Amino acid sequence: MAQKGVQLDRETISCSICLNLLKDPVTTPCGHSYCMNCIKSYWGEEDEKKIHSCPECMQIFTPRPVLVKNTMLAVLVEELKKTGLQSAPADHCYAGPEDVACDVCTGRKLKALKSCLFCVASYCETHLQPHFESPAFKKHKLVDPSKKLQENICSRHDEVMKIFCRTDQQAICILCSMDEHKGHDTVSAAAERTERQRELEVSRQNIQQRIQDREKDVKELQQQVEAINRSADKAVEDSEKIFTQLIRLMEKRSSDVKQQVRSQQETDVSRVKELQEKLEQEITELKRKDAEMKKLSHTEDHTQFLYNYPSLSALSESTSSINIRPLRYFEDVIAAVSELRDKLQDVLREKWTNVSLTVTEVDVLLPQPEPKTRAEFLQYSREITMDPNTAHTWLLLSEGNRKATRTMENQTYSSHPDRFTGCGQVLSRESLTGHCYWEVEWRGSGVYVAVAYKNISRAGNGNEFEFGFNDKSWALRCDKNNYSFWFNNIKTPVSGPQSSRVGVYLDHSAGATWREQQLPETLQPGQNYTHTHTHTHTQTQSLY
């Protein structure tokens, strides 16, 4: 009861603002007491509002009360200090539901500052002092406050578990090691901790390295986003300029055609009207002559008739007869403009495919597993057609430009700057970007299955213009007896069974990886093929 009374005194003489014992106590008109400096600071914040209130009961004082030291409370506080009593802890020092409480405190418990693994108990700052002061506690292990101290106690023997059984991968006490864990591989918990700590550090280093790698990837992706945006903005801006130029050119040509037609129209109409006027004058003259002749024919005086006849019988020379042919007028212009429109449509249709294909998806996804079965490769299958404008005249294209045949006679292709003139080669109409897969069936003495840059040389003879014999193309040469891979005139023999069907997988996003597969002569459902060759090279342009 005495202790409870002292505790009551502590609370009574504590300042509700700073929660410490009253210092220079003053009492407000409502009867509550505070430290002089505390209440002055509190009211200092209310000065701007010109109202002052009690922090506890919130009673308002107008004007601001004059504070006078409460001498009785001041004496009481000094007396309590002399008896060694301390101010009550602040509320935030007491243990809450989520805090670890001191196991020694009675009544309202304070927060624990440390937990002792040897004592299996937690202590506040006051009750922890013996662990710092007494030699008896020197070897005790102090850790941050923990609610799981009981997990360190063996439920069977009620002993601290200081040993780790590697055989069963669990913590045990000394009695367990002599009982059910006898003969097992055991070490001290500290030794096992040291070993696991090393493993943990290695794992952390790996994680930190992965974090650095991912941060680098994120930075590169951000740079990729910025590059995509810059490139897209420039493409849109430049394309708009080019299309504007095309539109202006078309408008200029339209204006020129209109001006030429109108000019020719004016000339032709003027010439026709001039001839028309001459004819009309001739008609008027002829009508006048006819009227005079008619009058003369009715003259009864023979002498007068004979006298006037010579002057009337002579006709002026007639205008040349007009040969009016069926006129086409300006239909030829319409036909020429229509032909121009059709050719432009063909060019736009042909080139638009190239424009569309060059607007490729940027592959910034996480690496995907490389396909291994034919079904997986077929996910990336591409429909490929050959471009007649690139085909050498030895090659006959058929089946919708998906088949090429070497012929003995030259084909009658029109002249084109993209055409191969020295080597029997042809490129696809479509560019190859991202993940692409296609299959080639061949027969005869041999064939080159290749990919190439668009700027590969077209005109000329010699090996340097052939697929695989320069640094602008990569080729798999398929012969009846062997395969070989060619790049930059370097030959790499390729082993494996021969086949007339070859599957080609190109991962352009990998910078790029070229992979050939040999397919069985007759494909059965679910049947796969033999891996022939893989080649990786850094590509800088679109491939065909």
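Residues numbered from 1 in each chain as written. Predicted model: local features only at pLDDT ≥ 70, side-chain atom pairs only at ≥ 80, totals over all residues. Heavy atoms only, no water.

As named in an unreviewed UniProt entry, the protein is Tripartite motif-containing protein 16, taken from Dicentrarchus labrax.

Asker: Help me out: how do you make sense of a nonpolar patch on the surface in this one?
Answerer: A grouping of Ile242, Phe243, Leu246, Ile247, Leu249 and Trp352 is seen on the molecular surface, where their side chains present a nonpolar patch of about 590 Å² in accessible area. Ranked by residue count, the leading element in the nonpolar patch is helix H6 (residues 189–297), at five residues. Take Leu249: its relative accessible area is 40%, and that puts it in the partly exposed class. (Patch = residues over 30% accessible without salt bridge, like charges linked within 9 Å, V, L, I, M, F, W, Y side chains within 5 Å. Areas by Shrake-Rupley, 256 points an atom, 1.4 Å probe, with all protein chains shown as cover. Salt bridge = Lys/Arg side-chain N within 4 Å of Asp/Glu carboxyl O. Helix = DSSP H or I, 4+ residues; strand = E, 2+ residues; numbered from the N terminus. Buried < 20%, exposed > 50% of the residue type's maximum accessible area, 1.4 Å probe, protein only.)

Asker: Can you help me understand the nonpolar core in this one?
Answerer: Side chains of a nonpolar character, in soluble globular proteins, are inclined to be buried together. Leu432, Trp438, Trp474, Cys478, Tyr483, Val502 and Leu543 are the most contacted members of the largest nonpolar core, which totals 19 residues. Mapped onto this core, the elements with two or more residues apiece are strand E13 (435–441), strand E14 (446–452), strand E15 (473–479), strand E16 (483–487) and strand E18 (501–507). Setting aside anything within four residues of it in sequence, one finds Leu543 in contact with Glu430, Ser431, Leu432, Val451, Ala452, Tyr453, Trp474, Leu506 and His508. Counting 17 residues, the second largest nonpolar core, distinct from the first, contains Val26, Cys38, Trp43 and Leu73. (Core = buried A, V, L, I, M, F, W, Y, C linked by side-chain atoms within 4.5 Å. Contact = heavy atoms within 4.5 Å.)

Asker: Is there a simple way to think about the sheet that holds strand E10 (residues 186–188) in this case?
Answerer: The pairing of strands in a sheet comes from backbone hydrogen bonds and takes either a parallel or an antiparallel form. Strand order in the open sheet formed by three strands is E9-E8-E10, with antiparallel pairing between adjacent strands. The sheet is open, and its two edges are formed by strand E9 (170–172) and E10, each paired on a single side. The mean inter-strand angle of the sheet, taken between neighbouring strand axes irrespective of direction, is 35°. Looking at chain direction, strand E8 (residues 163–165) and E9 are connected through three bridges and run antiparallel. (Pairing = 2+ DSSP bridges. Axes fitted to C-alpha atoms, helices over the stretch in contact; angles between N-to-C directions.)

Asker: I would appreciate a short explanation of the state of the cysteines in the present structure.
Answerer: Disulfide: a covalent bond formed between the sulfur atoms of two cysteine residues. Throughout the structure, instances matching the rule amount to zero disulfides. Summary of cysteine pairing: Cys30 is not part of a disulfide, and the nearest cysteine sulfur, belonging to Cys54, is at 3.5 Å. Using a relative accessible area of 23% as the deciding quantity, one classes Cys30 as partly exposed. The cysteine Cys105 is free of any disulfide, with Cys102 supplying the nearest cysteine sulfur at 3.7 Å. (Disulfide = S-S within 2.5 Å.)

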